[in-house]
Amino acid sequence: MNKTIEELANRWLKRKPEGLSAPENRVLQSTLERTTISKDTNKALAFHQTFGDRLADTIARIGGSWSFILTFIAFLILWTAGNVWLLTRDAFDPYPFIFLNLVLSMVAALQAPVIMMAQNRQTERDRIDAAHDYEVNLKAEIEIMALHEKLDELRHSQIIGMRDEIARLAEQVKRIDEILSKQRTRP
């Protein structure tokens, strides 16, 4: 079963090898070599992460969580309560809370780009995962088609064998019938 990529491309993908993409070539090569194509894309991506990438992911994970939102709401309530009721005379940031607005603006100004960086990285990871899924699915499809072909060949050879066996048995029955008919015609 020495096949080439060209034969597999023509047979399974109905294309010439020149028209194949790099992932399709990899899939056909792994099919020829009978090797797996699946891999853990998260490990490969984690290996190439910089400190900034990990920091952006962590900030986005924390900033987008319910615990952060609830904690921040509690902070805002404490800030306003402390400055309105508790510190009526010497309030650190009296109403209309200009310093609080400044702090919130700075947090938003820093948090938004970091979250966007993390989203961009997630989009890139999703693209890599989708490309990898395509390769794995294509290989599975090719392997399934090959199995169907092997089963069809096996079934065909069994049918040929059964046909030959039936012909052999029919010939034996014919000979037995001739022998019996000769014995019946003898006096």
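Before reading on, note that the structure itself is shown above.
Please read all numbers here as calculations on a predicted model, not as lab measurements.

Asks: Please clarify how the environment of Pro94 should be interpreted in this entry.
Replies: With respect to the helices, strands and loops of the structure, Pro94 is situated in the loop between helix H5 (66–86) and helix H6 (98–185). You can call Pro94 partly exposed: its relative accessible area is 44%. With 35 residues separating them in the primary sequence, Pro94 and Ile59 have C-alpha atoms 30 Å apart.

Asks: Got a minute to help me understand the packing of aromatic side chains in this structure?
Replies: For any pair of aromatic rings, the description rests on two quantities: the centre-to-centre distance and the angle between the ring planes. Scanning the model with the defined rule gives four aromatic pairs in all. Seen in terms of ring centroids, Phe72 and Phe75 are 5.9 Å apart; in terms of plane orientation they differ by 40°. Their pairing is tilted. Placement of both Phe72 and Phe75 in helix H5 is noted, with a separation of three residues, approximately one turn of the helix. An aromatic cluster is present here, built from Phe68, Phe72, Phe75, Trp79 and Phe99 joined pairwise through their rings.

Asks: Would you mind going over helix H4 (residues 51–63) with me for this structure?
Replies: Note that an α-helix has 3.6 residues per turn; residues three or four places apart therefore point the same way. With 13 residues, H4 ought to run about 18 Å at 1.5 Å a step, and its terminal C-alpha atoms sit 18 Å apart, in line with that. Inspection of H4 places Ala56, Asp57 and Gly63 among the buried residues, and these make up the whole buried set. In an axial view of H4, the angular spread of the buried residues amounts to 140°, which keeps them on one side of the axis. The exposed set on the far side of H4, more than 90 degrees from its buried face, consists of Phe51 and Arg61. Where H4 is buried, its residues contact H5 and H6.

Asks: I would appreciate a short explanation of the pattern of salt bridges in the present structure.
Replies: Close approach of charged atoms allows side chains of opposite charge to pair. Here the structure, examined in full by the defined rule, presents 10 salt bridges. Put simply, Glu124 and Arg127 hold a salt bridge, and the shortest N to O gap is 2.6 Å. Taken as a pair, Glu124 and Arg127 lie in helix H6 at a separation of three residues, close to a single helical turn. Of the charged contacts, one joins Arg155 and Asp152 as a salt bridge, the two residues approaching to 3.1 Å between their closest N and O atoms. With a gap of three residues between them, Arg155 and Asp152 both fall in helix H6, about one helical turn apart.

Asks: Help me understand the environment of Arg54, please; the structure alone is not making it clear to me.
Replies: As for its placement among the helices and strands, Arg54 is situated in helix H4. Classification of Arg54 by relative accessible area gives partly exposed; the value is 40%. C-alpha of Arg54 to C-alpha of Ile5: the two residues are 49 residues apart in sequence and 40 Å apart in space. A polar contact of 3.1 Å, which involves the side chain of Arg54, links it to the backbone oxygen of Gln49.

Asks: I tried to follow unusual backbone geometry on my own but got confused; where do I start?
Replies: What you tend to see is this: most non-glycine residues have negative phi, and most peptide bonds are trans. Phi angles above zero are rare outside glycine, and Lys14 is one such case at about 55°. The exposed category is assigned to Lys14, whose relative accessible area is 66%.

Asks: Is there a simple way to explain the nonpolar core in this structure?
Replies: Soluble, globular proteins show a tendency: their nonpolar side chains are buried together. Judged by nonpolar contacts, Ile5, Leu8, Ala9, Trp12, Leu13, Leu20, Val27, Leu28, Ile37, Leu138, Ile142 and Ala146 together constitute the single largest core of 12 residues. Those elements giving two or more residues to this core turn out to be helix H1 (5–13), helix H2 (22–33) and H6. When residues of this core are assigned to their parent elements, the largest contribution, five residues, is made by H1. Each residue touching Leu8, except ones within four places of it in the same chain, is listed here: Lys3, Leu13, Leu28, Thr31 and Leu32.

About the thresholds
Residues numbered from 1 in each chain as written. Predicted model: local features only at pLDDT ≥ 70, side-chain atom pairs only at ≥ 80, totals over all residues. Heavy atoms only, no water. Helix = DSSP H or I, 4+ residues; strand = E, 2+ residues; numbered from the N terminus. Buried < 20%, exposed > 50% of the residue type's maximum accessible area, 1.4 Å probe, protein only. Phe/Tyr/Trp six-rings, centres within 6.5 Å; stacked < 30°, edge-to-face > 60°. Expected span 1.5 Å × (residues − 1). Arc of directions from axis to C-beta. Contact = heavy atoms within 4.5 Å. Salt bridge = Lys/Arg side-chain N within 4 Å of Asp/Glu carboxyl O. Polar contact = N/O pair within 3.5 Å; in protein donor to acceptor, adjacent residues only side chain to side chain. Core = buried A, V, L, I, M, F, W, Y, C linked by side-chain atoms within 4.5 Å.

Structural measurements only, silent on function.
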